[in-house]
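Listed below are the residues making up each chain.
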4 protein chains.
Amino acid sequence: MSQPLPTLPQGAVAGEIHIRVRYAETDRMGLLHHANYFVYFEQGRVELLRQSGKSYKDVEDEGYLMVLTRIEAKYRKPAQYDDLLTLRTIVERTTGVRIDHRYELYREGELITEGSSTLACVTREGKPQPLPDFLSLRRKQSAP
Amino acid sequence: MSQPLPTLPQGAVAGEIHIRVRYAETDRMGLLHHANYFVYFEQGRVELLRQSGKSYKDVEDEGYLMVLTRIEAKYRKPAQYDDLLTLRTIVERTTGVRIDHRYELYREGELITEGSSTLACVTREGKPQPLPDFLSLRRKQSAP
Amino acid sequence: MSQPLPTLPQGAVAGEIHIRVRYAETDRMGLLHHANYFVYFEQGRVELLRQSGKSYKDVEDEGYLMVLTRIEAKYRKPAQYDDLLTLRTIVERTTGVRIDHRYELYREGELITEGSSTLACVTREGKPQPLPDFLSLRRKQSAP
Amino acid sequence: MSQPLPTLPQGAVAGEIHIRVRYAETDRMGLLHHANYFVYFEQGRVELLRQSGKSYKDVEDEGYLMVLTRIEAKYRKPAQYDDLLTLRTIVERTTGVRIDHRYELYREGELITEGSSTLACVTREGKPQPLPDFLSLRRKQSAP
């Protein structure tokens, strides 16, 4: 846990969380099942948002549902049961209607999995809508 | 799959489904993770209801939410990855506000896990409400 | 379920399975949670293999572990609770050490999600190894 | 989080962890799906063991597999998405071959769910075996 992660470009909107691999998340190989990395990524997005002062629960309760249109993971090394991992979540790009994230999952400073995703904003009825201001402006707000 | 299950008492409201243990449902021991049996039990309840001509989705969309107040499992033998299991779901007792189910999970005719649960009916706001007629009368309807 | 799927190119190694969306697989939006599509894709691969006369369990027990190096999903329309979906799994390319799959998930004949993945073969100790013959030759075997 | 939990009897072997309800763990009702409470209970057991200086991973790697023979939950109030919960895990009884645990899940000092379970120790082949000393003696060790 003590190893430093690579430095991010100045002004990057990013955050880090620590996640312990649960027994229920492993599979017959003894490894973290591949689908569960996406659950971690989601947790990374939620905590990144919270760090900016907003809970995703509130966002959703205000009628802004963030749905995935695409997600991907590249697995370099497997995560094992009970590993204590560090997930870095980075806002890659924000437009008026979409947010692209990038994910880097580390174990003791070593990058073991990478990911990326695109979120779109929809209404409770599933219709596309513009991102709320506090989301679309996040990048600018945190720039120097 | 071909082994017959024990005979049920006459008039019993019960149904059987077959479930294949998925890889993602196993854990580091190579066995079906114990929490996933409850997902199977839920599927048993849903299919038992469908067999009586109603989908649980419709029930919920009509404003009747069935929430668990208690659930239990007794594990005799572990289910393995790729096992093709037979789940028998039995309505044990129905009152105006609750349904008790019993579950029997078989592999090749051998009982490997048993369970039981109690469901209560609540409104969308979480307030207790009487069961809808088609649920509370199920036992009588199927009696001879 | 009755709608025909698009025709596949001749000689394609592909299979179809039907999957009912479970309650436990939904999330707060009432939709199939995005990580669970990958569990379905896995089931698609396993059943495609079984259709060729081999269980993945046996493959793994013989010491050939198939691990994902990459997986992706593109979500067009959300799957809802209780939907009965058709998943088509296609072997896109097989080399001596990898298998690329493609996935198409349909609801009533409409394509709602697409995916792709790359599997590599490793030993029980996690070292890369060539695919067993019955896997690397699958494409040719099924050609006319 | 600040509310104190009820006092435990002197000498009790018990521990507390905090768990945030993940989006993927909710269901169509917007609540923590009932099967996921058992995943939390498992995490409670694992962290209670770690607190006594041992990781469950090591225990298992030494050939002692702890399997559930019974588990139960009683749901009083539902946990919601994003709730920050406190789980108290208590060793209720330890014999030479079994451990009984009790679970209390709190939200802001209020007990929302209770549970109990029995674990047995088996070999890698699934045969019953006595608990390792450091587990069967845990109760005594921590007594005054």
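Predicted, not measured: the structure shown is a model, and the values here were computed from it.

Below, the discussion takes up the interface of chain B and chain D. Listed per partner, the contact involves 24 residues of chain B and 24 residues of chain D. Summed over both partners, the interface of chain B with chain D comes to about 2000 Å²; 58% of that surface belongs to carbon and sulfur atoms. Seen at the junction of chain B and chain D, the total is 12 residue pairs in polar contact (both at pLDDT 80 or more). Every element with two or more residues in the side of chain B that touches chain D is listed here: helix H1 (36-51), helix H2 (56-61) and strand S2 (65-75) of chain B. Sort the elements by how many residues they give to the side of chain B that touches chain D and S2(B) lands first, with 11 residues. A breakdown of the residues in the side of chain B that touches chain D according to their chemical character gives 12 nonpolar, 3 polar and 9 charged. With 5 bridges joining them, S2(B) and strand S2 (residues 65-75) of chain D adopt antiparallel strand pairing. Bridged to B:Glu72 within S2(D) is D:Glu72.

Aromatic rings considered in pairs are described by the distance between their centres and by the relative angle of their planes. Tallied over the full model, the rule gives 22 aromatic pairs over all chains. Centroid distance B:Tyr37 to B:Tyr75: 5.0 Å. Interplanar angle 75°. Geometry classified as edge-to-face. In this pair, B:Tyr37 sits in helix H1 while B:Tyr75 sits in strand S2, placing the two residues 38 residues apart along the sequence. Members of the aromatic cluster, joined through ring pairs, are A:Phe38, A:Phe41, A:Tyr103, C:Phe38, C:Phe41 and C:Tyr103. Just above the ring of C:Phe134 sits the side chain of C:Lys54; from NZ or CZ to the centre is 4.3 Å.

The next subject is the sheet that holds strand S2 (residues 65-75) of chain A. Spatially, the 10 strands line up as an open sheet ordered S1(A)-S3(A)-S4(A)-S5(A)-S2(A)-S2(C)-S5(C)-S4(C)-S3(C)-S1(C), and their pairing is antiparallel. The open sheet is flanked by strand S1 (14-20) of chain A together with strand S1 (14-20) of chain C, the only strands paired with a single partner. Each strand axis lies, on average, 25° off the axis of its neighbour in the sheet, ignoring direction. Bridge count for strand S4 (residues 98-107) of chain C against strand S5 (residues 110-122) of chain C is 10 bridges, and the pairing is antiparallel. By the bridge assignment, C:Tyr103 is partnered in S5(C) with C:Gly115.

What counts, and where the lines are drawn
Residues numbered from 1 in each chain as written. Chains lettered and ligands numbered in written order. Predicted model: local features only at pLDDT ≥ 70, side-chain atom pairs only at ≥ 80, totals over all residues. Heavy atoms only, no water. Contact = heavy atoms within 4.5 Å. Buried area = accessible area lost by both parts, 1.4 Å probe. Polar contact = N/O pair within 3.5 Å; in protein donor to acceptor, adjacent residues only side chain to side chain. Helix = DSSP H or I, 4+ residues; strand = E, 2+ residues; numbered from the N terminus. Nonpolar A, V, L, I, M, F, W, Y, C, P; charged D, E, K, R; others polar. Pairing = 2+ DSSP bridges. Phe/Tyr/Trp six-rings, centres within 6.5 Å; stacked < 30°, edge-to-face > 60°. Lys NZ or Arg CZ within 6 Å of the ring centre and 35° of its normal. Axes fitted to C-alpha atoms, helices over the stretch in contact; angles between N-to-C directions.

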